[in-house]
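# Per-entry structural report
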Amino acid sequence: VAIITLLTDFGQRDSYVAEMKGVMLSALPGATIVDITHDVPRGNIFAAQYVLGRTWRRFPTRTVHVVVVDPTVGTQRRAIAVQHDDHHFVAPDNGLLTPVLGSARVVELPIPAAAAPTFHGRDVFGPAAAQLASGASIETVGREIRNPVRTPPPVTRRDGKDVIGCVIYVDRFGTLVTNVADSGGQGEQASGPANSGWVGGTVVVAGRVAPVRRTFADVPSGELVAFLGSGGTVEIAVRDGSAAEMLGVKEGAEVRVRDY
Amino acid sequence: VAIITLLTDFGQRDSYVAEMKGVMLSALPGATIVDITHDVPRGNIFAAQYVLGRTWRRFPTRTVHVVVVDPTVGTQRRAIAVQHDDHHFVAPDNGLLTPVLGSARVVELPIPAAAAPTFHGRDVFGPAAAQLASGASIETVGREIRNPVRTPPPVTRRDGKDVIGCVIYVDRFGTLVTNVADSGGQGEQASGPANSGWVGGTVVVAGRVAPVRRTFADVPSGELVAFLGSGGTVEIAVRDGSAAEMLGVKEGAEVRVRDY
Amino acid sequence: VAIITLLTDFGQRDSYVAEMKGVMLSALPGATIVDITHDVPRGNIFAAQYVLGRTWRRFPTRTVHVVVVDPTVGTQRRAIAVQHDDHHFVAPDNGLLTPVLGSARVVELPIPAAAAPTFHGRDVFGPAAAQLASGASIETVGREIRNPVRTPPPVTRRDGKDVIGCVIYVDRFGTLVTNVADSGGQGEQASGPANSGWVGGTVVVAGRVAPVRRTFADVPSGELVAFLGSGGTVEIAVRDGSAAEMLGVKEGAEVRVRDY
């Protein structure tokens, strides 16, 4: 079974996603196409990286992941395809794929003369994804390049026994996802374990202190709580509420995590 | 063909639904996964019950229905799987599955030690659904229990010739769905018939009287109207408008239905 | 592979779309069902026509397209199926299918007595689509009619060297899509070519003048720009912003396109 995933900021109101699906199903009628989300905040490369980082490994090997958050579509920015750990990725060369560029093979996709300058999702990325999902090798869809654009997400630092990080994603519940991994050293790729080394510690954000518990349901309704989230990093939530609203915090806000 | 449906309050903005799909497609690459909705009002068990009640029988037998509205995830609440009328259901044991618990077989699903305390959708329910969709029998995914949590939806009562019920669901058009079945005795599971015994009667809600017609298009634009809805119960709408907005009414509001 | 597409104004919050999918998968379990969008502005026939016009040809021949924007459901309005260019279409007879009615064969679908008067999507259009996707010929699903309702979209006119058109669609980015085709004569069905004859010209809308460029990224952030859009007609956007908001413009607004 050929599986293609789609991750964009196109929304679902308009025809854009469906045009991509039509193109891909015309090339490969038996494909299974899975929407990751089309509601990445417009043009937000880091949010797309975070969502991609959580999802791609959950799919079978040989899945093709199409990621289109593309504020400079139609300019000189390149289009690329990447092979990494037996998955394929197709995206604009604007840093989106940084988390999977480690030892990956990267090719530049040709832009057909007839491609709409504002819609490479349909005219460049969709067709390339269908080719890869059909079994084409990455060398056949473009020519190799060695300098893809890299936009690494922000890193954490130590301050004595504390770890200083930041909010990298806010989910629809208003939960603040940070880039601080488990104190036992587990990072983004791990499933959240049943117990984190941080449990019993605290998180300071926006001048407020949240206790670290196993899960949000370990505090009363309406209270601030932190826990090792299902993406493998520390999250701050309000039970039955929104931490983003309560704290007035968004992506980039500093967080300090301590085990005391 | 193995069919799995998903009904959650996760929204579609984040990675959560896609992580579940990746897990299920990794276990069963040929599965057809259908989104019922991911926009159940957060934590609203009755709304999820209503949507589940309208949809599950429309799917082929052997479909597996995954329902995750789970405000107490990670606590002692159990995870269950249910077999009912040759469909399977997987959900937290918080009353969600009450409408299909009649004579059903119920098992408790084990929670793996590595499951993220905040995301059983991915780490417990998704894997169990894939197993069931692969043909596993319900006894093989958990051990039988006899006391699943039941949270019955509100019932109607008679008051002379009137039926007193309440609004149990508000749809995105602002239509008020009640729990009052057709006067001929047809209930939730029936398709709305072409003509209801209530036609010609009235519905009183929030101090306003709505005439019962066959369909909303039987009154002029902007007017209040009631009809036997497509879920088999009485609904109150405003043609080309929103009854919820016009009346300032939401779930729980009392309605009185009379055939005069 | 049998492919069915769905284009409605039902939204994705409620059970309606899933009920349709359940009905269709029960009739044809191996079908691939693709959501075009369910967020057509409520009852907006022209918006649905525009989205349909952009998408249907992208799908393989023999695809069945179900379009349900149906403000007069349950009245005397007919239900129809159309065969056009080896695609099938199923919709209420309210003008939705005007763009594909050229030389099409049109049949009237019977309305079963048990159909819910408010939900022909589930009880009429879904079942007909599943039949057609299963290989039934159009004559077997209804009896031929010759006078389907036509609601042609607004046309453009010349004023000297200018073309006067209007906004026919506003996308979720606030981009204003017009009905003005490329000056070289390419219309809605064409992919946007790499260069439009309009490039270097201007568009006047709401008293403002937008330069025509190849793509929105050809102007600085926050600036108004026009280009030949990916649907083959002129669009007006604000880079990284919303033209609809900046100009206070919506569907129907006049636009004047000139090549100078």
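Here, the structure is the one placed above.
Scoring rules and cut-offs
- Residues numbered from 1 in each chain as written.
- Chains lettered and ligands numbered in written order.
- Predicted model: local features only at pLDDT ≥ 70, side-chain atom pairs only at ≥ 80, totals over all residues.
- Heavy atoms only, no water.
- Helix = DSSP H or I, 4+ residues; strand = E, 2+ residues; numbered from the N terminus.
- Rg over C-alpha atoms; globule rule 2.2 N^0.38 Å.
- Contact = heavy atoms within 4.5 Å.
- Areas by Shrake-Rupley, 256 points an atom, 1.4 Å probe, with all protein chains shown as cover.
- Lys, Arg positive; Asp, Glu negative; His and termini not counted.
- Charge placed at Lys NZ, Arg CZ, Asp CG, Glu CD.
- Least-squares fit on C-alpha atoms with pLDDT ≥ 70 in both.
- Buried area = accessible area lost by both parts, 1.4 Å probe.
- Salt bridge = Lys/Arg side-chain N within 4 Å of Asp/Glu carboxyl O.
- Polar contact = N/O pair within 3.5 Å; in protein donor to acceptor, adjacent residues only side chain to side chain.
- Buried < 20%, exposed > 50% of the residue type's maximum accessible area, 1.4 Å probe, protein only.

The number of helices and strands found in chain A is 4 helices and 15 strands. Radius of gyration (C-alpha) of chain A: 20 Å, near the 18 Å computed for a compact globule of 260 residues. The C-alpha extent of chain A, read off along each of the three principal axes, is 60 × 35 × 35 Å. When contacts within chain A are restricted to residue pairs at least 6 apart in sequence, long-range pairs at least 24 apart make up 64% of them. Roughly 9400 Å² of accessible area belongs to chain A as shown, and the carbon and sulfur atoms make up 49% of that amount. Counting 25 positive and 26 negative side-chain charges, chain A places the centres of these two groups 2 Å from one another.

Turning to the relation of the copies chain B and chain C, a few remarks are in order. Look at the two chain copies: a rotation about an axis and a shift along it is all it takes to match them. Once turned by 120° and shifted 0.0 Å along the axis, chain B lies on chain C with an RMSD of 0.0 Å. Here the transformation between the copies is reduced to the relation of a three-fold axis. Considering only C-alpha atoms, the residue of chain B closest to the rotation axis is B:Thr32, which sits at 4.9 Å. The overlap is low: 6% of the interface residues of chain B also sit at the interface in chain C, so different surfaces are used on the two sides.

We now examine the interface of chain C and chain A. On the side of chain A, 34 residues touch chain C, which itself brings 35 residues to the contact. When chain C packs against chain A, close to 2900 Å² is buried across both sides, 52% of that on carbon and sulfur atoms. The largest share of the area that chain C buries against chain A comes from C:Arg58, C:Arg172 and C:Phe173, three residues that together contribute 22% of it. Our count for the chain C to chain A interface comes out at 1 salt bridge. Taking the shortest distance from any N to any O, the salt bridge between C:Arg54 and A:Glu19 comes out at 2.8 Å.

Residue and element names in this part refer to chain C. Note that Asp70 resides in the loop between β3 (64-68) and β4 (79-84). Within the structure, the side chain of Asp70 is placed 2.7 Å from the side chain of Arg77, a separation counted as a polar contact. In this structure, Asp70 is in contact with Arg77, Pro92, Asn94, His120 and Phe125, ignoring residues within four places of it in sequence.

In this section: the relation of the copies chain C and chain A. Placing chain C over chain A gives an RMSD of 0.0 Å and needs a rotation angle of 120°, together with 0.0 Å of translation along the axis. A low fraction, 6%, of the interface residues of chain C reappear at the interface in chain A, so the copies pair through non-equivalent surfaces.

Any two side chains of opposite charge can pair, given that their charged atoms come close. Residue and element names in this part refer to chain B. Considering all chains together, one arrives at 43 salt bridges over all chains under this definition. Its salt-bridge partner being Asp35, residue Lys21 comes within 2.9 Å of it at the nearest N-O pair. Taken together, the residues Lys21 in helix α1 (residues 16-27) and Asp35 in strand β2 (residues 32-37) connect sequence positions 14 residues apart. Residue class for Lys21 comes out buried when judged on its relative accessible area of 7%. Note on Asp35: relative accessible area 21%, which makes it partly exposed. For Asp123, the salt bridge identified is with Arg122, shortest N-O distance 2.8 Å.

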